[in-house]
Amino acid sequence: MADTPGMSVEPYWELTFDEDGHPDPAESDALTRGVAQQGVTDLVMFAHGWNNDRSSATRLYTAFFAPFPGLLAAGGAEAAGHRVGYAGVIWPSMDFPDEPVPHFPQQGVRARAVHAGLDPATREALVRLLPCQEAAVDRLSELLAQRPDDPARLEEFVTLARGLAPAAQAANGQAPGVYDLGPGPLPAMLTADARQVCGDFASALESVGALSASLFGGVVDGMERLWHGAFELLRQISYWTMKRRAGTVGHDGLGPFLGGLARSSPALRVHLVGHSFGARLVSFALSGLPDGRSPVASVTLLEGAFSHYAFASSLPFATDRGGALSGLYDRIDGPLVCCYSSHDTALGVLYPLASMASRDDDSVLGLDIPRWGALGHDGVQSVSACSGIPVADVLRDGLPADDCVNVDASSVVSRGGPPTGAHSDICHEELARVVLLAGKVVG
């Protein structure tokens, strides 16, 4: 069991993966042995989204798991034979300095770093996220600090930022699997006119209140406005990299680990929980499960930052193919629960803009959000078994025993400032209870 001072639950373990999905051997062994030795019947495994380091991820898990002991006691879980254990998945990702973080719901929006280049923490996080790119990151920071009134320098920034995207994805203008919709063209942020892309991102920031006179002490326009859009481009390219990495860690790392865990503890029921890109990670773990009995008894996705068509068997705009995870919720011995919120502007506005591959005009208002939307904004789409239930009804009536269920958590996931809105507002007792209801640990 991990030595984690201040952790709100026990037994608790952490399992660290590198960018290629290789688990830490000592942690993997400790978790596998600990589950068996302590007679754990139900293991809740949580994968974070964007966080800079282990400590911030651990604090998220501490906050999210805090209501579980009380809910388990009130629900008679121990009397019903449930011995619950907990695990936090740690994988290499990052955040940006102006984003709220889920374990500090009282925190306001942090100052936007574009006026002073990249702050040291963000610079170091980018270098860790994008190995061998330190010189490019430093030049990007320099350009952001200077924000020259020169279109050529803006073009240089965009070119450098695009060069940070994974080389394998840029080959031949194809992006295999990046959008959870199979192979397809690269997104417009990597191919369209630099000034247009920066302008679109600036418009998106304005639409969510992240680029206004109240935040910056004056009207933001002209080249200054485009530089703010350029900063958002850098953020979205970093997210694009993390999104791809989350799928790799899920498929190549967590999925095979769960197969080994099932062999070691055949009766164990695993309840996967993921936030943001962590939702993509736990979902892609389903595709990485080895043949045989699946130990996954439930999956709960919190503000999932990947395509709402990922589980579709047929895409409404390409009926000859489905999403990258088509039908894989059948590998869950229970429900796939997708909690979404209309207050999540990171997924409602910025995600579709970054994900779309083409558009008919150059206005952010022309976004085809139904095509490029994220399931954390409006739920899983084009899956016939999916239903939509307000979270208050779930807490009163429970969840279906299996299949795919959309839960509208907008009444709970509602707090947060620009640019991400309520994307990280997930540490709530109501959501903790949804996890336990999905796993049939409480009734």
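Before reading on, note that the structure itself is shown above.
Before going into details, it helps to say that this report is about the structure given with it.

### Things to note about the layout of surface pockets
Logical step 1: One number sums up the size of the second largest pocket: a volume of about 210 Å³.
Logical step 2: Lining the second largest pocket, in full, are Val-9, Glu-10, Pro-69, Leu-72, Ala-73, Ala-77, Glu-78, His-82, Arg-83, Val-84 and Tyr-86.
Logical step 3: Every element with two or more residues in the lining of the second largest pocket is listed here: helix 3 (68-74) and strand 3 (84-90).
Logical step 4: If you tally residues by element for the lining of the second largest pocket, the top one is helix 3, at three residues.
Logical step 5: Residue composition of the lining of the second largest pocket, by class: seven nonpolar, one polar and three charged.

### Topic: the pairing of strand 7 (residues 387-390)
Logical step 1: Direction of pairing for strand 7 relative to strand 8 (residues 403-408): parallel, over a ladder of four bridges. Looking at the pairing, Gly-388 lines up with Asn-406 of strand 8.
Logical step 2: In this fold, the crossover linking strand 7 to strand 8 by way of helix 15 (residues 391-397) has right-handed handedness.

### Some points on the pairing of strand 4 (residues 269-275)
Within a regular strand, the side chains alternate between the two sheet faces.
Logical step 1: Counting buried residues in strand 4 gives six out of seven residues, a clear majority hidden from the surface.
Logical step 2: Sheet analysis places strand 2 (residues 42-47) next to strand 4, joined by six bridges and oriented parallel. Of the residues in strand 4, the one forming a bridge with Ala-47 is Gly-274.
Logical step 3: The parallel pair strand 4 and strand 5 (residues 296-302), bridged by helix 11 (residues 277-287), forms a crossover whose chirality is right-handed.

### Re the packing of aromatic side chains
Logical step 1: Tallied over the entire structure, the rule returns 13 aromatic pairs.
Logical step 2: Ring centres of Tyr-239 and Phe-277 lie 6.0 Å apart, and the angle between their planes is 70°; on these two criteria the pair is classed as edge-to-face. Remark: Phe-277 occurs in helix 11 and Tyr-239 occurs in helix 10 (residues 222-264); sequence separation between them is 38 residues. Accessibility assignment for this pair places Tyr-239 and Phe-277 in one class, buried.
Logical step 3: Among the aromatic side chains, those forming a connected cluster through ring pairs are Tyr-12, Phe-46, Tyr-61, Phe-64, Phe-65, Phe-68 and Tyr-86.

### Thoughts on helix 5 (residues 134-146)
Logical step 1: For helix 5, spanning 13 residues, the distance from its first C-alpha to its last is 19 Å, which sits close to the expected 18 Å at 1.5 Å a residue.
Logical step 2: Along helix 5, the residues that are buried comprise Ala-136, Val-137, Leu-140, Ser-141, Leu-143 and Leu-144. The buried residues of helix 5 occupy one face: seen down the axis, they fall within an arc of 165°.
Logical step 3: Buried residues in helix 5 make contact with helix 4 (120-129), helix 6 (151-162) and helix 10.
Logical step 4: After helix 5 finishes, the residue Arg-147 shows a positive phi value of roughly 45°.

### What to know about the packing of helix 5 against helix 6
Logical step 1: Close contact between helix 5 and helix 6 brings their axes to 10 Å; oriented N to C, the two are set at 150°. The pairing of helix 5 with helix 6 is recorded here as roughly antiparallel in orientation. As for how helix 5 packs across helix 6, the hand of that crossing is left-handed. Contacts between helix 5 and helix 6 involve Ala-136, Arg-139, Leu-140, Leu-143 and Leu-144 from the first element and Arg-153, Glu-156, Phe-157, Leu-160 and Ala-161 from the second.

### A few points about the packing of helix 1 (residues 25-37) against helix 10
Logical step 1: Where helix 1 meets helix 10, the closest approach of the two axes is 10 Å, and the angle between their N-to-C directions is 35°. Like other packed secondary-structure pairs, helix 1 and helix 10 cross with a definite hand, here right-handed. Seen from helix 1, the contacting residues are Ser-28, Leu-31 and Thr-32; seen from helix 10, they are Phe-257, Leu-261 and Ser-264.
Logical step 2: Considered class by class, the residues forming the contact of helix 1 with helix 10 number three nonpolar, three polar and no charged.

So, how was this worked out
Residues numbered from 1 in each chain as written. Predicted model: local features only at pLDDT ≥ 70, side-chain atom pairs only at ≥ 80, totals over all residues. Heavy atoms only, no water. 1 Å grid on protein atoms, 1.4 Å probe; cavity = no way out; pocket = protein on both sides within 12 Å on 5 of 7 lines; lining within 4 Å. Points joined across faces, edges and corners; volume = space filled by probe spheres on them. Helix = DSSP H or I, 4+ residues; strand = E, 2+ residues; numbered from the N terminus. Nonpolar A, V, L, I, M, F, W, Y, C, P; charged D, E, K, R; others polar. Pairing = 2+ DSSP bridges. Right-handed = clockwise from strand over helix to strand, strands pointing away. Buried < 20%, exposed > 50% of the residue type's maximum accessible area, 1.4 Å probe, protein only. Phe/Tyr/Trp six-rings, centres within 6.5 Å; stacked < 30°, edge-to-face > 60°. Expected span 1.5 Å × (residues − 1). Arc of directions from axis to C-beta. Contact = heavy atoms within 4.5 Å. Axes fitted to C-alpha atoms, helices over the stretch in contact; angles between N-to-C directions. Parallel < 35°, antiparallel > 145°, perpendicular 65-115°, else oblique. Left-handed = near helix turned anticlockwise from the far one by under 90°.

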